[in-house]
Amino acid sequence: MSHKRIPKRKAAIAAGSVVALGAAALLLPNANASQDGASDDAAAAPKTLRATDASDLASQLAGLLGDAFAGSYYDGDRQQLVVNVVPGDNNNVIVQAKKAGAAVREVDNSMAELEAGARTLKAKATIPGTSWAVDPRTNKILVTADRTVTGDKWDRLESTVRSLGSGMATVKKSAGTFKTFASGGDAIFAGGSRCSLGFNVTADDGSPAFLTAGHCALAGDQWSDSQGGQPIATVDQAVFPGQGDFALVRYDDPATRAPSEVDLGDQTVQITRAAEATVGQEVFRIGSTTGLADGRVLGLNATVNYPEGTVTGLIQTDVCAEPGDSGGSMFTRDGLAIGLTSGGSGDCTVGGETFFQPVTTALEAVGATFGAGAGAGGAGDAGAGDQAGGEEAGAGDQAGGEEAGAGAGQGAEEGTGPTRTP
């Protein structure tokens, strides 16, 4: 972790000082296309958009189309926003969406039907080791079960999915085990455990603070920047499990300066603001175990049933992560803060599923902001042995950022995600 000293012992912590030289090249330069200036004659043609612009357009169209809006996603290859509509008897909704610059696709399942299906899953199939999220690319609910879901639990899950009706949901079996990511790394420490610093922020009273995963707070209230070192920050608020996985940790020294950047070792990415994720969007994640990795957003408002309890409102991705990456930042190449690493299954070799806490939701819940004061942060550069049920779960350091310690939950060691950046 980058820890730069300034006069009067003011600590400047650039979260995420993991040296990822090969992966860093992916961020140079910004290759995303800007919005296309389509002429009036081509008003109905889909516009070329950056992912962030597509997210803004999707929000506008959701309000404009009302019940006809059935989700959207970003087509990275064509750099277009694809909007699902249920036209019914009013084909004007398609004309409206096309005029706004989106590629339009007619689908069968409305958003109301998909959300009702998700509520049924919550009521009847809240089983540890399962997750679900609406997948706008298939216009279905994507249900995932890890390897612990067998026997009666598997039968119960399948029966619930069937009860939703044909064409409403698909079930995917994961080879790994859902759990929060925890263990070795080189970042922030508490109670023998370590976690990644996510993003530096300014608390509601103007004091410097940072965001990390809520499950990291299980390890202890006071955090240091070295194993066995003096505490530099104290947990102020934490949510896990429940409606999110995030914590606000305040720096003990009010003179701490925490830069708004992700430190990749040989370069930094300035963080300008938080933004909502968009399905199909390219994102990057940094952590001490696996360094810098990239992938795409697969689903929003995901529900994950960890051994410790159910967490809602997460982002599902295919970004590679492993134990040791808990709390680390997910961001875009143009400096937008998107998520905090929560958990998942699999590892960087065989693949798996990865879930992130949306930064926008965390900021709103704790009343923090990016900007003046502490600034907003760099990506976290370490993971931590976590704790489940109050038991210590991290096992010691290893030099060179090697994995150390056991994972959270029931001690499973799998990480997650299919593609790892060299």
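The structure presented is a predicted model; accordingly, all values stated were derived computationally and were not measured. (Residues numbered from 1 in each chain as written. Predicted model: local features only at pLDDT ≥ 70, side-chain atom pairs only at ≥ 80, totals over all residues. Heavy atoms only, no water.)

Chemist: Sorry if this is basic, but what is going on with the environment of Ser174 here?
Modeler: Assignment of secondary structure puts Ser174 in the loop between β8 (169–173) and β9 (179–180). In this structure Ser174 comes out as buried when scored by relative accessible area, which is 5%. A sequence separation of 29 residues divides Ser174 from Ala145, and the C-alpha atoms of the two residues are 5.8 Å apart. Residues within four places of Ser174 in sequence aside, it is in contact with Thr144, Ala145, Asp146, Arg147, Ser345 and Glu353. For Ser174, the side chain forms a polar contact with the side chain of Glu353, separated by 3.0 Å. (Helix = DSSP H or I, 4+ residues; strand = E, 2+ residues; numbered from the N terminus. Buried < 20%, exposed > 50% of the residue type's maximum accessible area, 1.4 Å probe, protein only. Contact = heavy atoms within 4.5 Å. Polar contact = N/O pair within 3.5 Å; in protein donor to acceptor, adjacent residues only side chain to side chain.)

Chemist: How do you make sense of the state of the cysteines when you look at a structure like this?
Modeler: All chains considered together, the criterion is met by two disulfides. With its sulfur 1.9 Å from that of its partner, Cys195 forms a disulfide with Cys216. What sets the handedness of the Cys195 and Cys216 disulfide is the S-S torsion sign, and at about -85° it is left-handed. Here Cys195, found in strand β11 (residues 193–195), pairs with Cys216, found in the loop between β13 (208–212) and β14 (222–224); they are 21 residues apart in sequence, far enough to count as distant. Cys216 shares its class with Cys195; the two are buried. What pairs with Cys320 in a disulfide is Cys348, and their sulfur atoms sit 1.5 Å apart. Measuring handedness by torsion sign, the sulfur bridge of Cys320 and Cys348 sits at about 105° and is right-handed. You can see Cys320 sitting in the loop between β22 (309–317) and β23 (329–331) and its partner Cys348 sitting in the loop between β24 (336–344) and β25 (354–358), a full 28 residues away along the chain. (Disulfide = S-S within 2.5 Å.)

Chemist: Explain the pairing of β8 to me, please; I cannot follow it from the model alone.
Modeler: As paired elements, strand β7 (residues 140–145) and β8 share five bridges and run parallel to each other. Note that in β8 the partner of Thr144 across the bridge is Lys172. Handedness of the crossover is the feature at issue here: the chain leaves β7, passes through helix α5 (residues 151–163), returns alongside β8, and the resulting connection is right-handed. (Pairing = 2+ DSSP bridges. Right-handed = clockwise from strand over helix to strand, strands pointing away.)

Chemist: Teacher, can you tell me more about the confidence of the model for the protein here?
Modeler: Note: predicted coordinates in regions of low pLDDT should not be interpreted at a detailed level. Of the residues in the protein, 75% have a pLDDT of 70 or more, and the chain-wide mean is 77. This model gives residues 182–186 a pLDDT under 50, and the stretch forms 40 contacts once residues within four places in sequence are excluded. Overall, residues 373–422 carries pLDDT values under 50, and its contacts beyond four positions in sequence, including any with other chains, amount to 245 contacts. (pLDDT = per-residue confidence, 0-100.)

Chemist: Whenever I open this one, the pairing of strand β21 (residues 291–306) confuses me. Can you help?
Modeler: Residues in a regular strand project their side chains so that they alternate between the two faces of the sheet. Sheet analysis places strand β6 (residues 130–135) next to β21, joined by three bridges and oriented antiparallel. From the neighbouring strand, Ser131 faces β21, where its bridge partner is Val304. Relative to β21, strand β20 (residues 282–287) runs antiparallel, the two sharing six bridges. The residue bridging Arg285 from the neighbouring strand is Ala293, located in β21.

Chemist: It is not clear to me how the nonpolar core should be interpreted in this structure. Could you clarify?
Modeler: Burial of nonpolar side chains together is a common tendency in soluble globular proteins. Membership of the largest hydrophobic core comes to 24 residues, with the highest contact counts inside it found for Leu211, Phe331, Val359 and Phe370. Of all the secondary structure elements, the ones that give two or more residues to this core are β12 (199–202), β13, β16 (246–251), β20, β24 and α6 (359–366). Looking at this core, the element that brings in the most residues is α6, giving four residues. Aside from chain neighbours lying at most four places away, what touches Val359 is Phe199, Leu211, Ala274, Ala337, Ile338, Gly339, Leu340 and Phe370. (Core = buried A, V, L, I, M, F, W, Y, C linked by side-chain atoms within 4.5 Å.)

Chemist: Sorry, what's going on with the sheet that holds strand β4 (residues 80–85) here?
Modeler: Strand pairing in a sheet relies on backbone hydrogen bonds. The paired strands run either parallel or antiparallel. In space, the three strands of this open sheet follow the order β3-β4-β5, with mixed pairing throughout. With partners counted over all chains shown, the strands left at the sheet margins are β3 (69–75) and β5 (103–106), one partner each. On average, each strand axis in the sheet is inclined to that of its neighbour by 25°, with strand direction left out of account. As paired elements, β3 and β4 share five bridges and run antiparallel to each other. Each bridged residue has a counterpart across the sheet, and for Phe69 the counterpart in β4 is Val85. (Axes fitted to C-alpha atoms, helices over the stretch in contact; angles between N-to-C directions.)

Chemist: Sorry, what's going on with the packing of aromatic side chains here?
Modeler: Two numbers describe a pair of aromatic rings. These are the distance of the centres and the angle of the planes. As enumerated under the stated definition, the model contains five aromatic pairs in all. Ring geometry for Phe199 against Phe370: centres 6.1 Å apart, planes inclined by 80°, an arrangement best described as edge-to-face. Pair noted here: Phe199 is in strand β12 and Phe370 is in the segment after α6, with a separation of 171 residues, a long-range link. Comparing Phe199 with Phe370, the two get one shared label, buried. Ring geometry for Phe240 and Tyr306: centres 6.1 Å apart, planes at 45°, overall tilted. Of this pair, Phe240 sits in the loop between β15 (231–239) and β16 while Tyr306 is found in strand β21, placing the two residues 66 residues apart along the sequence. Like Phe240, the residue Tyr306 is buried in the burial classification. (Phe/Tyr/Trp six-rings, centres within 6.5 Å; stacked < 30°, edge-to-face > 60°.)

Chemist: Sorry if this is basic, but what is going on with the side chain of Glu322 here?
Modeler: Within the element layout of this structure, Glu322 appears in the loop between β22 and β23. Here Glu322 falls in the buried class, since its relative accessible area comes to 13%. A distance of 2.9 Å separates the side chain of Glu322 from the backbone nitrogen of Cys348, its partner in a polar contact.

Chemist: Looking at this model, I keep getting lost on the packing of helix α2 (residues 51–65) against helix α3 (residues 92–99). Mind explaining?
Modeler: Between two packed helices, what matters for the description is the angle formed by their axes and the separation of those axes. Taken N-terminus to C-terminus, the directions of α2 and α3 make an angle of 160°; their axes are 11 Å apart at the nearest point. Considering their axes alone, α2 and α3 lie roughly antiparallel with respect to each other. Considering only the axes of α2 and α3, their crossing is right-handed. Note on element contacts: α3 touches α2 through Val93, Gln96 and Ala97, opposite Leu61, Leu64 and Leu65. Split by residue class, the contact of α2 with α3 holds five nonpolar, one polar and no charged. (Parallel < 35°, antiparallel > 145°, perpendicular 65-115°, else oblique. Left-handed = near helix turned anticlockwise from the far one by under 90°. Nonpolar A, V, L, I, M, F, W, Y, C, P; charged D, E, K, R; others polar.)

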